[in-house]
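# Understanding the architecture of this molecule
For reference, the chains in residue letters:
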Number of protein chains: 2
Amino acid sequence: MNNNKWKNLDVLFNPSSVAVIGASSNPAKLGFHVMKSLTQGGFAGKIIPINPGTREIMGNQVYPSLIDYESTIDLAIVVVPAGLVAGVFTECAKKAVKGIVLITAGFKEIDDPAGTNLHEKIAVIANNSGIPVIGPNTFGMINFQARLNASFTPEFSRLKEGDIALASQSGGIAHLLGFLAMRGDVGFSKIIGLGNRLNVDFSEIIDYLMDDDATRVIMLYMEGIDNPTHFLAAVKKHQHKKPVIIYKTGSAEKSNQAAKSHTGSMAGKPEIYQGAFSQAGILSLNSAQSLLDTGKALAAAHLPTGDGVAVLSGQAGPALAACDICEAYGLNIVDFEPSTQESINTFLPPLALRTNPVDMGPAWYDASAQSGIIRAAMNDHQVNAILLLTMFASANANLLEELSVFLTESKPTKPIISCILAPPGIWDESIRKLEESGSLVNYPTPERAAMTLANLVKYRSLQLRPTSDSKG
Amino acid sequence: MNNNKWKNLDVLFNPSSVAVIGASSNPAKLGFHVMKSLTQGGFAGKIIPINPGTREIMGNQVYPSLIDYESTIDLAIVVVPAGLVAGVFTECAKKAVKGIVLITAGFKEIDDPAGTNLHEKIAVIANNSGIPVIGPNTFGMINFQARLNASFTPEFSRLKEGDIALASQSGGIAHLLGFLAMRGDVGFSKIIGLGNRLNVDFSEIIDYLMDDDATRVIMLYMEGIDNPTHFLAAVKKHQHKKPVIIYKTGSAEKSNQAAKSHTGSMAGKPEIYQGAFSQAGILSLNSAQSLLDTGKALAAAHLPTGDGVAVLSGQAGPALAACDICEAYGLNIVDFEPSTQESINTFLPPLALRTNPVDMGPAWYDASAQSGIIRAAMNDHQVNAILLLTMFASANANLLEELSVFLTESKPTKPIISCILAPPGIWDESIRKLEESGSLVNYPTPERAAMTLANLVKYRSLQLRPTSDSKG
C-alpha cells in the first residue's frame, strides 16, 4: 500500500489535465465517446487525446504517446485493448500520472487465467507507483463539482449537481440510476463506476467520500466483494458521519452465478450481508428506485427524531394508501395532542375526518386552511414528520402556489415528505422550487413517499445504535 | 331492482345529450370545471347547462331547469348542494333521464343520520325510475371512446384512449392513476369514480365492463364494500372473461377507521379479502403503481403460458436486479435447451455469461447479435416470456432503432417485458412505437419489469384454477 494513493485519489477526481489514451474520432470506438464526454461536459482543464494515428480530435491536439506530451498529466483515461494496458500503465508511472480511469475490460471478470494474470500485473505497477485506478471494466466516473465527465456516456452531464455520491459495481445500474435521476430531478456530487476494483474498492471510495465536502449521502450499488470485513470496517470507523445506503443484488441463485461471473467475486448469502450492513449502520434498500428515493430524502430533509407521523391529505384515498405503508413499515400514525386537534378542528367541518390521517377534502382548495392544519401538526410534540398528499384537480389548480408561500416561509424543522402530483407540466416547476428551498421532498406516489419516510426513520434507528467498532 | 337500470347504464356512458345541473361560469364552482371538461373534451353530443341565474356558459344556451329544456336528456351531471339533490332527482325521473352522475357530496359518507336519510331518499327515486347513478361524492366519469369527460377534471381528457377500465372508490386515487398513466403513456377505455355507490356498485360496474367491447382489462381501487359476497359472485360468474385486478387499501388500523369514515363502509381484514379475491380469480396488487403496471401488461401482452423466463440484458447489473425479483416472486429462470444455448453461443464470445441470465454486454451495440439471441430464447420450449433489459449509452444509441425492426417484424408470440431506458427524449418515441406495435411492454426499472411479469404469471395461475362457482 502506498500512501500517495490516497492523496492522488483527490487529484484523480479533480485533475487539471486529462489524457485519453485510445482517444478516437470514430463513433464506433469508446475513445470517441470519452472525448465527447470530456469536451462537451464543461471540463475547464487541459484535455490531451493520445493516439498514434491521428493529429486532432474534437479541436484538441493529439499526441502519439503520453511521453510525447511535454507537460504533466494528472488523470489518464485508458480505453485501449486489454493487451496494451500494461504498457500504458508503465508509461503512466514514468509520466507520474496521479490517477487512472481504466475503461478497458477483459481482466479478472473473464473466467480465464490470462485475465487474472493481467489484472495482477497492472495492479503491481499501479500500487508501486501509488496510482489509484478506477476500473477496469468501468464506464468511468463523473465529478459534477469539477464538471469532469470521465465516462463514455456524455449524457451523464445532463444531470444536475447535487449532494449524493454514487459508487456502483455495475455500469448498467449506474446508468439506470442516472436516467431515473434525470426524470426525478435528483442531483449528484459524483458517480463512480468501480468496475473490477483494481486498487480502489468500496472501502477506499467510502474513505474518500466521507471526507468529500461536496457529498452528503453515499449511495452504493453492490453485487459482491472479496473482502466484506474490510468494507464494513471502513464504514464503521466513520461513525455515521454521513449516511451510507446500499442496494445489493445477487440474492437469487441464478444471480449469484451471474454476479460471480460479472464481478469476479461471490455475491454471498443475503441474510448474512443484511445483518452485517445493519451492524455497520448501512441502510439497505431493495430496488434501484428505492435507493434513489431514499438518497434524495437523506440529502434534502432533516432526519425525523422519532417514528411519529401526521398524514395530511387533500383526498382520502391517497391517505389510506400511505397509512397502509406507514403501519406495515413501523411508522406511528400518532394521536394528536388535544391542542393540535382543537386547532385542526377550526379548519375543517365537524363531519370531516379531522383526526390523523386528516382528510383535508373539505379544504382541498383552501391553502390557508391547509397551511393552518400543517402548522398545527408541525407543532405537535408527537409528530416527527409529515406526509403531505395532494392530487391536482382543475378546481384546486392555484392551491400549490398559495401553499408554497407558507411552506417556504415556515422553514419546517420536521421533514415534510410529500406526494404532490399533477398532469405533466402543471405543478412541476412549483414542486421543483419547493424542493430546492428545502421545504419538502416529493415523490410521485403516496406509497413511495410513505416508504421513503419509513426508510428515514429506519436509518435514524441504525444511527442511534452504537456500531460494533465503538463498542469494542 | 329495475331492469331498465342495466339498459340505461349503457346510455349513461354513451349519451347523445348531457345536462349539467349546477353548471356555472364561476371557476370557484365545480359546475364550471364540469362544463370545461364536457366542452373541451371533444364530446360530440348536445350539452345543456342548467342554471336559473345565467343565460350562456362556454357557448352553450343555459336553461333554468331540466323541465324547461324541450328535448330528451340522456345523462344528467348533478353538482348542486346536497339539499337540492332530491328535487333534481325527481325532475330527472319526470324528464326520463337515463343516467345520473352525482358529484355532490354530503350523503352517507358523513357521519350524520341526515346524510344517510338523504342517501336513501334519492336511492328510492333513482331505483323506482330505473336510473343508474354514478356517485354521490364522485369526481365523475370519463368514457374515452365517446370522448365524454363527465368529471370535474378537464385534464383527464389528455389521457389517450386504451383498453383499460378503471373503477375507483376514491377520486384521489383515480387522479393519481390518471396522472401516472399520462407519464407512462397508458391508455384507458373508461375511468369511473364510483364514490358512495347509490345504486351502481362494484358488482354492477363489473357486469357492465365485462360486456364493454372497448375494455380488455378491469382495474379496481377499493377501500371497503358493504356486500363483498355480491361483488365476488359478480366477478366469478364471468369466468375470467377479462382480467380483473384490484388495489385495496385499508389494511392498517388507522386506515380502517379512515376508510369507514370516507366511504361509509368497513374496510375489513386484509387476509380475508385477499383470500376471497384469489378465489374469485381477482389479482390483488399492493400499490397504485403496481396496479397500473400490471393493467398495462395485461392489456397489451399475451399471457405467458408458464413461469419460464429468459433474462436477456445488455448489462449484467440490471439482469441481477431482475433475477432477484424473478426468484423471489416464483418465476423460473430456466436452463436453456441445448439448441438454444448453441445458438446463443454463436453470438457471444466464450468468456461472456451466455447462460440464463444472458449478459449481452459483448454485443451491447450489436442489434443483429441481440436479435439472434432474442430469437433463440423465443424459440426455446422452456421459455414462456422474455425480460429484455437495455440501458442507453452514447455508443449504443442506434441499437434500439435497429432492434425495433426485428422486434416489430418478428411478431413475438411470447410476451417481452422490457426495461429499455435512456435519458428523457432519446428513445421515448421508439419505445412508444414498439409498445403500440405490440412488440413489448416497457417499464422504467428492471425490478418493475420483472415484478410485472411475475404478476402476469400469477394472474394466469388464478385463471387456471376453477372459480368456486364453477366447482359448485
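As a reminder, the structure under discussion sits directly above these lines.
Just so it is clear, the structure is predicted and the values come from calculations on it, not from any experiment.

Now for the interface of chain B and chain A. Taken residue by residue, the interface counts 72 residues in chain B and 72 residues in chain A. Carbon and sulfur atoms supply 64% of the area that chain B and chain A bury against each other, a total of about 5,500 Å² over both sides. Across the chain B-chain A interface, the total number found is two salt bridges. Where chain B meets chain A, there are 12 residue pairs in polar contact (both at pLDDT 80 or more).

Here we take up the packing of aromatic side chains. Evaluation of the coordinates by the stated rule reveals 26 aromatic pairs over all chains. Look at Phe 152 of chain A and Trp 364 of chain B: their rings are 5.6 Å apart centre to centre, the planes differ by 55 degrees, and that puts the pair in the tilted class. Residue Phe 152 of chain A is located in the loop between strand E9 (148-151) and strand E10 (161-168), and its partner Trp 364 of chain B is located in the loop between strand E17 (358-359) and helix H13 (367-379); the two belong to separate chains. Per residue, the accessibility class of Phe 152 of chain A equals that of Trp 364 of chain B, and both read buried. The cationic tip of Lys 248 of chain A hangs over the ring face of Tyr 273 of chain A; the distance from NZ or CZ to the ring centre is 4.3 Å. Just above the ring of Tyr 443 of chain B sits the side chain of Lys 296 of chain B; from NZ or CZ to the centre is 5.0 Å.

Moving on: the pairing of strand E5 (residues 75-78) of chain B. All names here are of chain B. Residues Leu 75 and Ile 77 point to one face of E5 and Ala 76 and Val 78 to the other, with burial holding for every one of them. Taken together, the four bridges between E5 and strand E6 (residues 99-102) define a ladder with parallel strand orientation. Following the sheet pairing, Val 78 is matched in E6 by Leu 102.

Moving on, we get to the packing of H13 of chain B against helix H14 (residues 399-410) of chain B. Residues and elements named next belong to chain B. Remark: H13 packs on H14, axes separated minimally by 9 Å, with the N-to-C direction vectors making an angle of 40 degrees. Judged on the interaxial angle alone, H14 and H13 are oblique. Crossing hand, H13 versus H14: right-handed. Here H13 contributes Ala 367, Gln 370, Ser 371, Ile 374 and Arg 375 to the contact with H14, which in turn contributes Leu 399, Glu 402, Leu 403, Phe 406 and Leu 407.

Residues and elements named next belong to chain B. Pairing within the open sheet is mixed, and its seven strands lie in the order E9-E8-E11-E10-E12-E13-E14. Because the sheet does not close on itself, it has two edges, and the strands there are strand E9 (148-151) and strand E14 (283-285). The mean angle between the axes of side-by-side strands here comes to 20 degrees, regardless of whether they run parallel or antiparallel. Inspection of the sheet shows strand E10 (residues 161-168) paired to strand E12 (residues 217-222) by five bridges, in the parallel sense. Across the sheet, Ala 167 pairs through a bridge with Leu 220, a residue of E12. Sheet strands touched by helix H9 (residues 270-279): E12, strand E13 (244-248) and E14. Its angle to E13, the strand with the most contacts, is close to 175 degrees.

What follows is about the sheet that holds strand E14 (residues 283-285) of chain A. All names here are of chain A. Spatial strand order, E9-E8-E11-E10-E12-E13-E14: seven strands in an open sheet with mixed pairing. Edge positions in the sheet fall to E9 and E14, since each of these pairs with one other strand and no more. Between one strand and the next, the sheet's axes are offset by a mean angle of 20 degrees, whatever the strand orientation.

Turning to the packing of helix H5 (residues 171-184) of chain A against helix H10 (residues 288-300) of chain A, a few remarks are in order. In helix packing, the relevant descriptors are the interaxial angle and the interaxial distance, both defined with respect to the helix axes. Residues and elements named next belong to chain A. Here H5 crosses H10 at 55 degrees, and the two axes come no closer than 10 Å. By the angle between their directions, the pair H5 and H10 is classed as oblique. Once H5 is placed against H10, the crossing between them reads as right-handed. When H5 is examined against H10, the residues Leu 176, Leu 177, Leu 180, Ala 181 and Gly 184 are found in contact with a partner set consisting of Ala 288, Gln 289, Leu 291, Leu 292 and Lys 296.

Cut-offs applied
- Within each chain, residue numbers correspond to sequence positions counted from 1 in written order.
- Think of it this way: whatever chain is written first is A, whatever ligand is written first is 1, and the rest follow in order.
- Confidence filtering applies because this is a predicted model: local features only for residues at pLDDT of at least 70, side-chain atom pairs given and counted only at 80 or more, and all residues used for totals across whole chains, interfaces and linings.
- To get the side-chain values, all heavy atoms of the structure are used, and hydrogens and water are removed first.
- Contact between two residues is taken to exist if any of their heavy atoms lie within 4.5 Å; hydrogens are not considered.
- In this description, buried area is defined as the sum, over both parts, of the accessible area (probe of 1.4 Å) that is lost when the two are combined.
- By salt bridge we mean one thing: a side-chain nitrogen of Lys or Arg within 4 Å of a carboxyl oxygen of Asp or Glu.
- Within 3.5 Å is the distance limit for a polar contact, defined as a pair of N or O atoms, with the added protein rule that one can donate a hydrogen and the other accept it, and that residues adjacent in sequence qualify only through two side-chain atoms.
- Within 6.5 Å between ring centres, the rings of Phe, Tyr and Trp (the latter by its six-membered ring) count as paired, and their orientation is classed by plane angle as stacked under 30 degrees, edge-to-face over 60, tilted in between.
- Think of it this way: any DSSP run of H or I at least four residues long counts as a helix, any run of E at least two long counts as a strand, and we number them from the N terminus.
- The cut-offs for exposure are 20% and 50% of the maximum accessible area for each residue type, with area from a 1.4 Å probe on protein chains only; residues under the lower value are buried, those over the upper are exposed, and the others partly exposed.
- Geometrically, a charge over a ring is one whose NZ (Lys) or CZ (Arg) sits within 6 Å of the ring centre while staying within 35 degrees of the ring normal.
- Any two strands are treated as partners once DSSP identifies two or more bridges connecting them.
- To get an axis, a line is fitted to the C-alpha atoms, and for a helix only the part in contact is used. The angle between two axes follows their N-to-C directions and goes from 0 to 180 degrees.
- Roughly parallel means an angle under 35 degrees; roughly antiparallel means over 145; roughly perpendicular covers 65 to 115; every other angle is labelled oblique.
- By the definition used in this description, the sense in which the near helix is turned from the far one sets the handedness, with an anticlockwise turn below a right angle giving left-handed and a clockwise turn giving right-handed.

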